[in-house]
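# Examining the three-dimensional arrangement
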Protein chains: 2
Amino acid sequence: MGDPQGSGPVTLAEVAAAAGVSPSTVSRILNGSAVVSAAKQQAVHEAIARLGFVPNPVARGLAGGRTLSVGVITQALDSPFYGIAMRGIEESLAPTGYIPLFVSGHWDEREEMRCIDTLRARRVDGLIILTGRLGDGALADCARTMPVVVTGRALSAPGLFAIDFDNFEGGRLATEHLLALGHRRIAFISGDPKHPDALERLRGYRAALEAAGVAYDPALVVPGAYNERSGLEATERLIRSRRRFTAIFAANDQMAIGAVLALHERSLRVPQDISIVGFDDVPASAFAIPSLSTIRQPAYDHGRLAAAAIVALLRGQEPDRVAPPPLLVVRQSTQPPKA
Amino acid sequence: MGDPQGSGPVTLAEVAAAAGVSPSTVSRILNGSAVVSAAKQQAVHEAIARLGFVPNPVARGLAGGRTLSVGVITQALDSPFYGIAMRGIEESLAPTGYIPLFVSGHWDEREEMRCIDTLRARRVDGLIILTGRLGDGALADCARTMPVVVTGRALSAPGLFAIDFDNFEGGRLATEHLLALGHRRIAFISGDPKHPDALERLRGYRAALEAAGVAYDPALVVPGAYNERSGLEATERLIRSRRRFTAIFAANDQMAIGAVLALHERSLRVPQDISIVGFDDVPASAFAIPSLSTIRQPAYDHGRLAAAAIVALLRGQEPDRVAPPPLLVVRQSTQPPKA
DNA sequence: TTGTATGCGTTATCAG
DNA sequence: CTGATAACGCATACAA
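This section reports on the structure supplied with the text. Per chain, the residues get numbers from 1 upward, laid out in the order the sequence is written. All chains are assigned letters beginning at A, and all ligands numbers beginning at 1, according to the order in which they are written. Where local features are concerned, this predicted model is filtered to residues with pLDDT of at least 70; where side-chain atom pairs are given and counted, the filter is 80 or more; whole-chain, interface and lining totals use all residues.

### What about the overall build of chain A?
Going by this rule: The secondary structure listing takes helices from DSSP runs of H or I that are at least 4 residues long and strands from runs of E that are at least 2 residues long, numbered from the N terminus. In this setup the radius of gyration rests on C-alpha atoms only. A globule is expected at 2.2 Å times the number of residues raised to 0.38. Think of it this way: build a C-beta for each residue from its backbone, and any pair within 7 Å is a contact.
Within chain A, the regular secondary structure consists of 12 helices and 11 strands. Here chain A has a C-alpha radius of gyration of 25 Å; the compact-globule value for 339 residues is 20 Å, and the former is much larger. Counting contacts in chain A only where the partners sit at least 6 residues apart, residues at least 24 apart contribute 68% of the total.

### A word on the sheet that holds strand 5 (residues 160–163) of chain A
The pairing of strands in a sheet happens through backbone hydrogen bonds and is either parallel or antiparallel. All names here are of chain A. Threshold: By definition, two strands form a pair when at least two bridges between them are found by DSSP. Under this scheme, a helix contributes an axis fitted over its contacting stretch, all axes are lines through C-alpha atoms, and angles between N-to-C directions fall in the 0 to 180 degree range.
Sheet architecture is open: 5 strands sit in the order 2-1-3-4-5, paired in parallel fashion. In this open sheet, the two edge strands, each paired with only one partner strand, are strand 2 (99–104) and strand 5. Averaged over all neighbouring strand pairs, the angle between strand axes comes to 20 degrees, with direction disregarded. The pairing of strand 3 (residues 126–129) with strand 4 (residues 148–151) spans 3 bridges and is parallel. Across the sheet, Leu127 pairs through a bridge with Val148, a residue of strand 4. The sheet strands contacting helix 6 (residues 109–121) are strand 1 (69–74), strand 2 and strand 3, and the helix crosses strand 2 at an angle near 150 degrees.

### With respect to the protein's contact with DNA strand C
The test is simple: Nearness here has a simple definition: the residue's C-beta atom, placed using the backbone, must lie within 6 Å of the molecule or strand. Each residue receives one of three labels: charged for Asp, Glu, Lys and Arg, nonpolar for Ala, Val, Leu, Ile, Met, Phe, Trp, Tyr, Cys and Pro, and polar for the others, Gly being one of them.
As a structural note, the neighbourhood of DNA strand C is formed by 28 residues, with Leu12, Ser27, Ala63 and Gly64 of chain A together with Ser37 of chain B the closest of them. Here the surface near DNA strand C is built from residues that sort into 15 nonpolar, 11 polar and 2 charged.

### A short note on unusual backbone geometry
Looking along the chain, the bond that leaves Val270 of chain A and enters Pro271 of chain A is cis, with omega of 5 degrees. In this structure, the amide linkage connecting Ile289 of chain B to the following residue, Pro290 of chain B, adopts the cis form with an omega of -5 degrees. In this structure, Pro290 of chain B sits in the loop between strand 9 (275–277) and strand 10 (294–296). Even without being glycine, Tyr226 of chain A reaches a positive phi, approximately 65 degrees. Mapping Tyr226 of chain A onto the fold places it in the loop between strand 7 (221–223) and helix 10 (228–240).

### A short note on the interface of chain B and chain A
Every contact between the two is made by 38 residues of chain B and, on the other side, 38 residues of chain A. In the side of chain B that touches chain A, the residues fall into 22 nonpolar, 9 polar and 7 charged.

### Some thoughts on the relation of the copies chain B and chain A
The following threshold applies: When the copies are superposed, the least-squares fit draws on C-alpha atoms of residues that have pLDDT of at least 70 in both.
With an RMSD of 0.1 Å, chain B superimposes on chain A once it is rotated by 180 degrees and translated 0.0 Å along the axis. The operation mapping one copy onto its partner corresponds to a two-fold rotation axis. A high fraction, 100%, of the interface residues of chain B reappear at the interface in chain A, so the copies pair face to face through one surface.

### Quick look at the environment of Tyr226 of chain A
Put simply, the test is: Buried means a residue has 20 or more other C-beta atoms within 10 Å of its own C-beta, exposed means 12 or fewer, and partly exposed covers the counts in between; C-beta atoms are placed from the backbone.
Under the C-beta neighbour-count criterion, Tyr226 of chain A is labelled buried, with 26 such atoms within 10 Å. In contact with Tyr226 of chain A, not counting residues within four places along its chain, are Gly191, Asn252, Gln254 and Met255 of chain A.

### A closer look at the pairing of strand 1 of chain A
Residue and element names in this part refer to chain A. We count it as follows: For crossovers, right-handed means that the path from the first strand over the helix to the second runs clockwise, given strands pointing away from the viewer.
A large share of strand 1 lies buried, amounting to 6 of its 6 residues. Both faces of strand 1 are covered, namely the face carrying Ser69, Gly71 and Ile73 and the face carrying Val70, Val72 and Thr74. Taken together, strand 1, helix 5 (residues 80–93) and strand 2 form a β-α-β motif whose crossover is right-handed. Relative to strand 3, strand 1 runs parallel, the two being bridged by 4 bridges. Within the sheet, the bridge partner assigned to Val70 lies in strand 3 and is Gly126.

### Notes on the protein's contact with DNA strand D
In the vicinity of DNA strand D, 28 residues are found, and the nearest of them are Ser37 of chain A together with Thr11, Leu12, Ala59 and Ala63 of chain B. Looking at the surface near DNA strand D residue by residue, the class counts come to 15 nonpolar, 11 polar and 2 charged.

Okay, structure coming up:
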């Protein structure tokens, strides 16, 4: 732990001196950038261990042009969903020697741009963007500078790798579940309508309705902002509109939780009076009362995959092209409508 | 946005050349490290703007020994509580030019030590440790290398600044609230008993009981792990023990939520049959059913204060010594016990 | 007030 | 296979 002496960090040059070799040789051993005689390897490794040498990433960054860091743009540092993805990224990156730099874009295109500038200035070697707001063009542009991995959209460009999640299918599954239970008047609390995610889920919702021969009623679709309060308010608007509905599909779990509360305050019970399906399957959803039926989006896996992909790109390899499918999780917040 | 040309990053030397001054002059202007004539200032600023120059933090770090980054050790990247603190840190750090490096210690002393080593290797200028597991000695040790700010404990050492939260008082307030409602048999779901936080809250619990003349019953105290599942399991243990209790004080909101679910599964209603108080006041607690009475711990402010403190230390100033007090938030999960 | 020279710790390019 | 030597981009004594 730390250096035994308080004499400050040991340098590569000191290791070289102690091992009786040149700095270049130490560097070569560290990076495996050339073959070195076994004897010197031995000597150098001993010196490293003895002196407790740790390479200075800052100097490495300057000299080698690589900082061994990857920027991660998340949308919120305090989101239950992105938080899990961040955990996946950190854990998956750790053994590779890369370190993540987390910054948050707050679902805002301009802020996201600023984040990229900040990270680029910090000379990150690559970029992971979790469900970004940036246009495909800007992303492709960015990918010309450094490898980029984006989640939540399908996209292909040089140096760019997309880990898509089938939001359309997720939206379809959720709605289909409610339809199968017998619901016909199904409200949809959407995310920010400017976001591809939200639009895809809406598309899935409409596709399922259409497939079931249920007419689409725009009055049953209300926007939200992906947090509890907006779900609550959206539901209140829905109720005040006097439009009849027997089920709600919320574009994420947090809004679904808000919806449950709004109904509760009007003495409407879930699922006896109104059924609710969420989206994401954040941990809290399993502990809600009633536990929330939802579409599982494996955030942790997304994180792991994104990290693996950026490392692959950084190493000049081709990332695995895998996409975890959306999965319907049926819990207690859904049941057939009252007769 | 980015550089106009694809010609790669502009260097300070290029700015100097363009402005017709020496590199040192540009550096001086950038850092305000000396007085420069107005004319040259003008010229340099123009050149900077025209060329879109952005200083390279990596080179700066090497040359100046400062990386303008501060390491932040959080316990989990996906915690609703720490997430908010992280947000406070990021937002408060942004205008100062410092960037946070978030890593997670997973409530483990050895991992925390590794985090510190990683961050030290990255040459962060300072360190913020959110509710760390490390002993006071190790912290003081660490603070001899660089400025350190810790939250959640009282501690004083050179280069070390502690932002304490009165967990004792919080625990006392929560218990007192239940006592005031008439509860006498109050269970306590503790956090990891090895952690100071948990111990302090327990102490507060016991102090309140004592003050009210209620005997302390160790059988009513069960450990948890600060997540929903552990709260659920702890409550099940409590129920299986056949020990009578009319209220539960959980050492954090997530465990409280788990407790509510455990009771629900046994058809015990909150608050009619059992009252529950949590701790932290995470956003979800206001949207739970029933909404959770809890002790508010202003995580966002903690983050802001920690960031402000580390910046102050970094500037050689004395941080403000302020501690947001614990606050009882009464919602719907508590009421007098049944007769 | 300003410029020159040097160094930060490593990698990369050369010779040998 | 190995060792000098030159960058990397900036900050900072030092000199002027």
